[in-house]
Amino acid sequence: LDVLARLPAVRGRNHKEADRLFRELLLATHRLENIFALSADGPVIGTAVHVSPEVHIPEMDRPWFQAVIQSGRPVAGGFQVDRTIGKPVAVLARPVLDEQGRLLGVVGAALRLAEVGRDSAPVHTGPQTVWALVDGDGLPLLHRDPTAAAGKPLGPLAGMIRAETVVPRTDW
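One structure accompanies this document, and this report is about it. (Residues numbered from 1 in each chain as written. Predicted model: local features only at pLDDT ≥ 70, side-chain atom pairs only at ≥ 80, totals over all residues. Heavy atoms only, no water.)

1. With respect to the environment of Arg13
Within the fold, Arg13 resides in the loop between α2 (8–11) and α3 (15–27). C-alpha of Arg13 to C-alpha of Gly105: the two residues are 92 residues apart in sequence and 9.6 Å apart in space. When near neighbours in sequence (up to four residues on either side) are disregarded, Arg13 contacts Pro8, Ser39, Ile45 and Leu104. (Helix = DSSP H or I, 4+ residues; strand = E, 2+ residues; numbered from the N terminus. Contact = heavy atoms within 4.5 Å.)

Shown next, in the form of structure tokens:
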């Protein structure tokens, strides 16, 4: 995201070029649903998923967007259903700054939770083992069964032994 935030197409709000670059990058990975850049006031600068330049996708209300705008620092968002593609994702985002350090917008990547979950499964788990990575609201980001857990709080299970840790620099 650091490199994307410095791209001339992103800083210069070149929608067509940013779209092209983001689409190429998205094709190179199966772990992302989208790569995007938004102006500080919300309009799309570029996105790997086709959106008309006139379309305003309301992301300004998303906690990760507000956190980046307010803090000027990278943020790991919690569970959400992406408004462009309608799938469960977690967004990693960082500010886009000009050469003087002024905020121009936000660049982000929407993690494909089901795919990341499959790649992140603990190595030695038996059929009775349930594992999950949850966000600050208790919503699973990664889970042994991604389709069963999407968007639902992880509640206690019979006989459950719960171990928790924090992922540094996130609310996960």
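2. Quick notes on unusual backbone geometry
A positive phi angle is found at Arg13, which is not glycine, with a value near 55 degrees. Residue classification places Arg13 among the partly exposed residues on the basis of a relative accessible area of 43%. (Buried < 20%, exposed > 50% of the residue type's maximum accessible area, 1.4 Å probe, protein only.)

3. Some remarks on α3
In a regular helix each residue adds 1.5 Å, so 13 residues correspond to 18 Å; α3 covers 18 Å between its end C-alpha atoms and thus fits that length. Among all positions in α3, only His15, Ala18, Asp19, Phe22 and Leu26 are buried. Taken around the axis of α3, the buried residues stretch over an arc of 100 degrees, which confines them to a single face. The exposed residues of α3 that point more than 90 degrees off its buried face are Lys16 and Leu27. Residues of α3 that are buried in the fold lie against α1 (2–6), α2, β1 (32–39), β2 (44–47) and β5 (103–112). (Expected span 1.5 Å × (residues − 1). Arc of directions from axis to C-beta.)

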